[in-house]
Structure formats: structure tokens, C-alpha cells
Amino acid sequence: MFRTIEKSNPEFESNHLSFITVKSKNLKGRGDICLFVPPLEGLKDIPLVILLHGVYGSAWAWSQKAGVHLSAWEMIQKKELEPMAIAMPSDGLWGDGSGYLPHSDYDFEKWIVEDVINAVIENVEAVSGKSDLFISGLSMGGFGALRLGIKYSDKFMAVSAHSSITELEQMSLFVEESLKDYEQLNKQEESVLEMALNKKQHLPKLRFDCGTEDLLINYNRFLHDQLNKAQIDHEYEEFSGGHEWSYWQEHIKDSLLFFNKFIK
């Protein structure tokens, strides 16, 4: 599947994290994935959660700024979660953030929905083509999770997003690149709401949340209201907090618990 694959040596790994670098045709170069796999014997066909970072970040962000692997392992040990793998890829490292979109002669979208999944299946014995797939993310990664989860609802069973950008134009709040650099799509695909309306008859399970002090709160409230008006089933929650890692560290647990409900 990939011309080259480099995987970290278990001798030097810690806290059940490993790292993969693959050469991707969609990135026209190499892409990184940080992986958590619970250290349990006999795991087979376990669910795979793809977890997308926000602007300025990379494959290490969720583990090294939020300790998601530590939270997941603790919840698995307490029997609050079924064993699941978590793949944390880079976004392709374009500009301040790729948006997980196809543009600039790269396909950051297919990097996530094709390459990342295939790289994990090839390198993790416990994950297979039979594994349930879920996707989550924060901010730009929330936009990516909602967009890709809805667009590829034949792949993903459920989506849960945090502090999400809900339309492409909101990227301008964070990045220095021009929005014109991202605009290679049908306008409908630049809006989570428009995509949800278009795919109304075949949607994954949807959940998203936002902090009440977050600069994106009104966009998330608008999305929630419009989904309600369209009678699109979803869960939406608000919590105290801003656009910050302390918020995401706490509420990624809500995503994992949400996904846990839909494991076959």
C-alpha cells in the first residue's frame, strides 16, 4: 500500500504510544501518525478512533498536550470503555493548518480517510478492515471530523467534535493563509450544515460540544439550532471553558464514551 513505512521501536516507546511515518501519494511526501493501542492480549478487530488536531499542531498534539492515551487506558482498565485504538495523524503540515481538505495539489482529505486507516490496519494486528471506525477532533480538527464523518458516512459509525470550526471561512480566525488557498471544493462542502442537509438520509451518529467562553460558541450554537430545525438527530452540549487544551483534555472523554455506545 505504501512505498515506505517507518515504525517506532517498541523498546523505546512509552505509555503505549507508537509512531508511524508513511510515504503518501496524497501528501506527495511523508505523513506522521501517533498511535495508542491498549496493551491487552488477544485483541482482534477492535474499534479505531481517528483523532484530528487543530491549527498549528501535529501528530503529537493530542497525546502530548492532552494525554488522551492516558485517559483512554484508564477508562479501559475501569471497564468504562471497550478496548479501542486511537490514531492521531498530522493534518499534512500545510501552512498553519490544512483544514483536512483537498487543495494546493494535495489531498489532505484522502490522507485521513484512506491512508491513515490503511496504515493502521497494516501495522496494528488488533485493527482490521472489520474494525468499527469513529472520528473526532478539536477546532480545525472538529471541522475535519464533522466534514469527513458526514461525507464518508459509509466508513464512520459516529462523529464527535469539540470547539469546532463549522464553515471554512472561520479558518481565517486562526490562519495567515488566504481562504482562496483552500477553495478547491464545491461551496456546499465548505459548510458542515450544508453537508449534513445534503446527506440527511444517511448520516453517522453525530455529537459536538463547545465551551461557553469559546470564540466559536455562536457558530456551534447556530449549527445546533439549524440541525434541530432540519430534524437531524444529534447531541450537542456546552460546558464551561474556552478554546484551550484544558477543555479538550477533559471533554475528549465524552467523545470516547459516545463512541463506546455504538461499538458492534
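Higher on the page you've got the structure.
Residues numbered from 1 in each chain as written. Predicted model: local features only at pLDDT ≥ 70, side-chain atom pairs only at ≥ 80, totals over all residues. Heavy atoms only, no water.

(A) Local environment of the nonpolar core. Counting residues in hydrophobic clusters, the biggest one holds 60 residues, and the most contacted among them are Ile 33, Leu 48, Ile 50, Ile 112, Ile 135, Phe 156 and Met 171. Those residues within four positions of Ile 112 in sequence are excluded, and the remaining contacts are Ile 50, Leu 52, Pro 89, Ser 90, Tyr 100, Ile 117, Ile 135 and Leu 148. Residues Ala 66, Ala 72, Leu 81 and Trp 248 belong to the second largest nonpolar core, which totals 26 residues. (Core = buried A, V, L, I, M, F, W, Y, C linked by side-chain atoms within 4.5 Å. Buried < 20%, exposed > 50% of the residue type's maximum accessible area, 1.4 Å probe, protein only. Contact = heavy atoms within 4.5 Å.)

(B) Expanded view of helix α4 (residues 140-151). Over its 12 residues, α4 extends 16 Å from the first C-alpha to the last, a length consistent with the 16 Å expected when each residue adds 1.5 Å. Of all 12 residues making up α4, 11 are buried, and the element is well covered by its neighbours. Looking at α4, one finds that the buried residues are Met 140, Gly 141, Gly 142, Phe 143, Gly 144, Ala 145, Leu 146, Arg 147, Leu 148, Gly 149 and Ile 150. (Helix = DSSP H or I, 4+ residues; strand = E, 2+ residues; numbered from the N terminus. Expected span 1.5 Å × (residues − 1).)

(C) Spatial organisation of the pairing of strand β10 (residues 205-211). Within β10, 6 of the 7 residues are buried, leaving the element largely enclosed by the surrounding structure. Note: strand β9 (residues 158-162) against β10, 5 bridges, orientation parallel. Bridge pairing in β10 links Val 159 to Leu 206. Bridge analysis of β10 against strand β11 (residues 235-239) gives 5 bridges, and the strand direction is parallel. Opposite Gly 211, over in β11, you have Phe 239 as the bridge partner. (Pairing = 2+ DSSP bridges.)

(D) Fine view of the sheet that holds strand β4 (residues 48-52). Taking strand neighbours across the sheet as the criterion, the 9 strands line up as β1-β2-β3-β5-β4-β8-β9-β10-β11 in an open arrangement whose pairing is mixed. The open sheet has two free edges, formed respectively by β1 (5-7) and β11, since each of these has just one partner strand. Recorded for the sheet is a direction-independent mean angle of 20° between the axes of neighbouring strands. Pairing between strand β8 (residues 133-138) and β9: 5 bridges, direction parallel. Counted as the bridge partner of Ser 136 is Ser 160 from β9. (Axes fitted to C-alpha atoms, helices over the stretch in contact; angles between N-to-C directions.)

(E) Structural context of helix α2 (residues 68-77). In terms of burial, α2 is largely enclosed, as 7 of its 10 residues are buried. Where α2 is concerned, the buried positions are Val 68, His 69, Ser 71, Ala 72, Trp 73, Met 75 and Ile 76. Turning to α2, the residues buried within the fold contact β2 (17-24), β3 (29-36), β4, α1 (61-66), β5 (85-89) and α7 (245-260). Immediately beyond the C-terminal end of α2, within one or two residues, lies Lys 79, with a positive phi of roughly 65°.

(F) The arrangement of the packing of aromatic side chains in detail. Taken as a whole, this structure holds 9 aromatic pairs when the rule is applied. With a centroid separation of 6.4 Å and 55° between ring planes, the pair formed by Phe 239 and Tyr 247 is classed as tilted. Looking at Tyr 247, the relative accessible area reads 3%, which means it is buried. Members of the aromatic cluster, joined through ring pairs, are Phe 134, Phe 258, Phe 259 and Phe 262. Its guanidinium or amino end placed over the ring of Tyr 106, Lys 28 lies 5.8 Å from that ring's centre, counting from NZ or CZ. (Phe/Tyr/Trp six-rings, centres within 6.5 Å; stacked < 30°, edge-to-face > 60°. Lys NZ or Arg CZ within 6 Å of the ring centre and 35° of its normal.)

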